[in-house]
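Chain residues, written in single-letter form:
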Amino acid sequence: MVLTNIESVPGKTIVEHFGLVSGSTVRAKHVGRDIMAGLKNIVGGELKGYTELLHDSRKQSTERMIEQARQLGANAIINVRFATSSVAQGASELYVYGTAVRVQ
Amino acid sequence: MEQLIIFAVLITLGYTAGTIAERKHYRSINARESNFLNLPAVTVKNALDEDAEIEKVHLVLGSVVVSIDYFKRFLAGLRNLFGGEVKSYETLVDRARREAVLRMKEKAERANIILNLRIETSSIGQSANKRQALGSVEAIAYGTAVYLKKKG
C-alpha cells in the first residue's frame, strides 16, 4: 500500500477512486510520563516519552486507515493529511485521512 | 519566604539547564542539516521533470515534542503583562520544527527529493505549575519521498 501526500502517485496512473478513508486514535497520557514531563518542564528539552507516545498513536491511526483502504480494494492512498487535537483533559486524538485509489 | 527560595532555585535551574540544552540541540541541528543538503524538501507538488523515471515513492513523517524551561516560561509570563514578541518561545518552536524536518529526512535517506512538505505544530500538555502557560509543543513534518531510478 503506497501512501503519498500529493494528488497522485508519481510514475503511476490512477484507474479507480474509492473515496475518503481515515483512521483515528485517542490516547491518554500515562501518569509516569507526565511526572517526567513535569520535571522536563523545568529544564526544557525534548520529551521523549511523549514523542514516542504520539508516534505510536500516529502509526496505529495510519494502520487503521490502510486497513480501511485495503478492504475497499485500493492499493494506494493519495493526499494524506494529519491532524492532532485535544479532546479531553490529558487526551489527544490523532487523525489521519486520505483518498483511497487504485493505481497501475 | 520558602516559596521565594523554591522559585529562585527553579528559575536558576531552568535557566542554566535550559540554555545548555538549547545550545547543544542547535549545534546538533546545524550539523545534521548540513548532511541533508542533497535532499531538498519542497512545498510544491510538481517539482519533478516530465520524463523523470521513478523507482518508488512513499510517505515520510518526522515528529518531536519539545518542552520549555521554567525561566523562559517566567519571561513569557512577564510578556503577557506588557505585550510584544515572545522571543523565548520563538526558539522553542523553531527547534521543534527543524528537528521534525530532520527526522523526516532521516527516514528518507536515499531519496532524491521530498514533495509537498507540510509542517504542523500543536501544543501538548500543561505546564508544571498548572497555570495556562504553554508546556510543550509538538511539531510534525511530512511529505512524499521520491526515489528516482539511477542513470547509467
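Within each chain, residue numbers correspond to sequence positions counted from 1 in written order. Throughout, the order in which chains and ligands are written sets their labels, letters from A for the former and numbers from 1 for the latter. Where totals are concerned, whole chains, interfaces and linings use all residues; where local detail is concerned, this predicted model gives features only for residues with pLDDT of at least 70, and gives and counts side-chain atom pairs only at 80 or more.

**Regarding the interface of chain B and chain A**
- What counts as a contact is two residues whose backbone-derived C-beta atoms lie within 7 Å of each other. The interface is formed by 38 residues belonging to chain B together with 26 residues belonging to chain A.
- With eleven residues, the single largest contributor to the side of chain B that touches chain A is strand β1 (residues 54–69) of chain B.
- Its residues assigned to classes, the side of chain B that touches chain A comprises 19 nonpolar, 13 polar and six charged.
- Bridging between strand β3 (residues 44–46) of chain A and β1 of chain B involves two bridges; their strand directions are antiparallel. Following the sheet pairing, E46 of chain A is matched in β1 of chain B by V66 of chain B. Strands are runs of DSSP state E lasting at least 2 residues, helices are runs of H or I lasting at least 4, and numbering of each runs from the N terminus. When residues are grouped by polarity, Ala, Val, Leu, Ile, Met, Phe, Trp, Tyr, Cys and Pro land in nonpolar, Asp, Glu, Lys and Arg in charged, and all others, Gly among them, in polar. Note on pairing: DSSP must find at least two bridges between two strands before they are called paired.

**What to know about the environment of V57 of chain B**
- Summarising the element assignment, V57 of chain B is placed in strand β1.
- Classification of V57 of chain B as buried rests on a count of 21 C-beta atoms within 10 Å.
- When the C-alpha atoms of V57 of chain B and Y147 of chain B are compared, they prove to be 6.2 Å apart, with 90 residues separating the residues in sequence.
- Here V57 of chain B is in contact with V2, T4, V9, P10 and G11 of chain A together with T144 and V146 of chain B, once residues within four sequence places are set aside. With C-beta atoms placed from the backbone, a residue is labelled by how many other C-beta atoms lie within 10 Å of its own: buried for 20 or more, exposed for 12 or fewer, partly exposed between the two.

**Some words on helix α3 (residues 87–106) of chain B**
- Helices are assigned an expected span. That span is 1.5 Å times one less than the residue count. With 20 residues, α3 of chain B extends 29 Å between its outermost C-alpha atoms, agreeing within 8% with the 28 Å of an ideal straight helix rising 1.5 Å per residue.
- Considered for burial, the residues of α3 of chain B that qualify are L92, R95, A96, R98, E99, A100, V101, R103, M104 and K105 of chain B.

**Some details on the packing of helix α1 (residues 2–35) of chain B against α3 of chain B**
Residue and element names in this part refer to chain B.
- Where α1 meets α3, the closest approach of the two axes is 10 Å, and the angle between their N-to-C directions is 35 degrees. The element α1 and its partner α3 pack so that their crossing is left-handed. Contacts from E22, H25, Y26, I29, R32 and E33 of α1 reach α3 at T91, R95, R98, E99 and L102.
- For the contact of α1 with α3, the class distribution of residues is three nonpolar, two polar and six charged. Each axis is a line fitted through C-alpha atoms, taken for helices only over the stretch in contact, and angles between the N-to-C directions span 0 to 180 degrees. A crossing counts as left-handed when the near helix is turned anticlockwise from the far one by less than a right angle, and as right-handed when that turn is clockwise.

**Points about the environment of A69 of chain A**
All names here are of chain A.
- Relative to the helices and strands, A69 resides in helix α2 (residues 48–72).
- For A69, a count of 25 C-beta atoms within 10 Å translates into the label buried.
- Between the C-alpha atoms of A69 and L20, which are 49 residues apart in sequence, the distance is 8.8 Å.
- Dropping the residues within four chain positions of it, A69 is found in contact with M1, V21, A74, I77 and A100.

**Brief notes about the confidence of the model for chain B**
Residues and elements named next belong to chain B.
- Here chain B averages 84 in pLDDT, while 92% of its residues score no lower than 70.
- A residue's pLDDT is the confidence the predictor assigns to it, expressed on a 0 to 100 scale. Least confident of the elements in chain B is helix α2 (residues 70–82), whose mean pLDDT is 79; most confident is α3, at 89.
- Under the prediction, the complex receives an ipTM of 0.77, its pTM being 0.82.

**Quick word on the nonpolar core**
- The term nonpolar core refers to a group of buried residues, namely Ala, Val, Leu, Ile, Met, Phe, Trp, Tyr and Cys, whose C-beta atoms join them within 7 Å. In terms of nonpolar packing, the biggest core is built from 46 residues, with I77 of chain A together with V60, A100 and Y142 of chain B touching the most fellow members.
- Looking at this core, the elements that each hand over two or more residues are α2, β4 (76–88) and β5 (91–103) of chain A together with β1, α3, β2 (113–126) and β3 (134–148) of chain B.
- In terms of residue count, the dominant contributor to this core is β1 of chain B (eight residues).
- Apart from residues no more than four positions distant in its own chain, V60 of chain B is found in contact with M104, K107, A108, I114, Y142, G143 and A145 of chain B.

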